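Letter by letter, the chains look like this.
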Amino acid sequence: MSYDYEKVEMPGDGQKIEVVDEDNDELDVPETPIIPIVHGDGIGTDVGPAAQTVLEAAANATGRDIAWMRVFAGESAREKYDENLPDDTVTAIDEHRVAIKGPLTTPVGAGFRSLNVALRQTLDFYSNVRPTYYLDGVPSPMKAPEEMDMITFRENTEDVYAGIEWEAGTEEVKKVRNFVEEEMGFGETMHDGPIGIGIKPITEFGSKRLVRKAIDYAIEHDRDKVTLVGKGNIMKFTEGQFTEWGMEVAQEEYDDEEVFAAPDSLWEERDDIDVPEDAVMVEERLADAMLQWIQLRTDEFSVLAMPNLNGDYLSDAAGAQIGGLGIAPGANFGDARVLAEPVHGSAPKHAGQDKANPTAMILSGRLMFDYMGWDDAADLVRDAVEETISSGTVTYDLERQLADAEKLSTTEYTAAIVEHIEKLA
Ligand code: NAP
């Protein structure tokens, strides 16, 4: 039975994207797919419409169209539905398989669960994907920013983000403390006095399906290496397990000529590892070392897969090397479903001023096109953004870091990209 949307205006034309094979991420994408879009809170009201305009222009320039289905979450949903995440929105994203959203505000404080985390968990978007690559003309603190071409697969549902934690002073935290100290024998480990306790669950199921996604991506996109990043020397039974299970996927689920699981890679130099020609090498590295290597040995890394918190830190650090938050795109992948979203938040102090940089949300749309098999439209979006930036026409955040650039509003910058799309098509 089909769902009856309460307050969503259905697009007049357009067809639903259908699933052909859920396990292999295979979709049947019509020429005019219906794509749900959440503009988002704060600067989402600026960058959401900008992304919509650019993506539609790229679709049109490659002989297609998009039937946008505007749905609501966060502030806009509270106005319309009196709730943060209405069923209409969750169902639209669920049943249309491909969607894009802007940032949502999460007020700090108890009792307000992150809507982003709720959406990812409800619809099982278990892998958060963040590509970091250099666009010509973007200011960077690095000497050779063009060496950066990485894509991070961050586990999205487990780790300390699972939200299993207890507040200091509560009866619950006392119970957990007693259990850990008395029944589990860690009596000497924690200081006396008030304490907060959280749990870091990492499962075989969650780790393996994430690593599988990263390896499949590497094979499909001709990448030569997948690096599993954990802090297994200290957190042996969580992060250590993650990398161990990841290596098992590499060893047991692929042919040797296709995927090579590098033994002892934790302590080996890459050049000392003998990899069969054309195989994707899967290796293991420690998280702290990786944070310096992405700066010092940038070109050695390609696809990275890691637990949730490592992924959050590492992808922000990588993003800073190639232009920062205004540029950094992302997407959440599940099985045969994608929800594209920029890495940045709602930056409330810049909201509604027509100044925010829409590049991150536009390039998130590029990832969505890539997932849909619209490679030509995806390339066009990237090329047009790059042409716009390298011509020295940028938004405030990049202009303040460049010597001779012209500062454009969000709307002017969006129009400039559309112009480049039309020229390049
Ligand atoms: P933020 O919204 O990402 O903004 C931090 C700063 O980054 C901004 O003040 C601005 O720097 C720069 N920035 C971010 N996006 C930009 C853009 N598109 N163009 C130009 N500059 C940009 O982080 P926050 O202030 O920590 O978080 C604000 C809210 O967003 C919080 O409620 C948080 O929970 C939420 N959040 C949501 C998501 C999501 O929806 N996925 C992700 C992260 C945070 P300058 O002021 O220096 O120019």
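A brief report on the enclosed structure follows. The structure presented is a predicted model; accordingly, all values stated were derived computationally and were not measured. (Residues numbered from 1 in each chain as written. Predicted model: local features only at pLDDT ≥ 70, side-chain atom pairs only at ≥ 80, totals over all residues. Heavy atoms only, no water.)

### Looking at the side chain of S302
Just so we agree on the cut-off: By the criteria applied, helices consist of DSSP H or I runs no shorter than four residues and strands consist of E runs no shorter than two, each listed in order from the N terminus. Working definition: with a 1.4 Å probe on protein chains only, accessible area under 20% of the residue-type maximum means buried, over 50% means exposed, and in between means partly exposed. Here a polar contact is taken to be a pair of N or O atoms separated by no more than 3.5 Å, where protein atoms must pair a possible hydrogen donor with a possible acceptor and residues adjacent in sequence count only if both atoms sit in side chains. Two residues form a contact once any of their heavy atoms are found within 4.5 Å.
Relative to the helices and strands, S302 resides in the loop between α8 (287–296) and β13 (303–306). Residue class for S302 comes out buried when judged on its relative accessible area of 6%. One polar contact links S302 to R223, side chain to side chain, over a distance of 3.2 Å. Other than its neighbours up to four places away in sequence, S302 contacts D149, M150, I151, R223, D224 and K225.

### Remarks on the site of the ligand
Counted only if it meets this: The near set for a molecule or strand comprises every residue that places at least one heavy atom within 4 Å of it. Only the protein chains shown count as cover for residues, and the accessible areas themselves come from Shrake-Rupley with a 1.4 Å probe. Think of it as three bins: nonpolar holds Ala, Val, Leu, Ile, Met, Phe, Trp, Tyr, Cys and Pro, charged holds Asp, Glu, Lys and Arg, and polar takes everything else, Gly as well.
Neighbouring residues of the ligand: 23 residues in total, closest T106, G345, A347, H350 and Y396. One of the side-chain N or O atoms of E341 is found 3.2 Å from a nitrogen atom in the ligand. In the environment of the ligand, an oxygen atom lies 2.7 Å from a nitrogen or oxygen atom belonging to the side chain of H350. For the ligand, whose accessible area on its own is 880 Å², the fraction buried by protein is 71%. Considered class by class, the residues forming the shell around the ligand number nine nonpolar, nine polar and five charged.

### Comments concerning helix α1 (residues 44–61)
So the rule is basically this: What a helix is expected to span follows from its residue count: subtract one and scale by 1.5 Å.
In this model, α1 (18 residues) spans 25 Å end to end at C-alpha, consistent with the 26 Å of a helix rising 1.5 Å per residue. Buried within α1 we find G44, D46, V47, G48, A50, A51, Q52, V54, L55, A57, A58 and A59. Of the residues flanking the end of α1, it is G63, one or two places downstream, whose phi is positive at about 80°.

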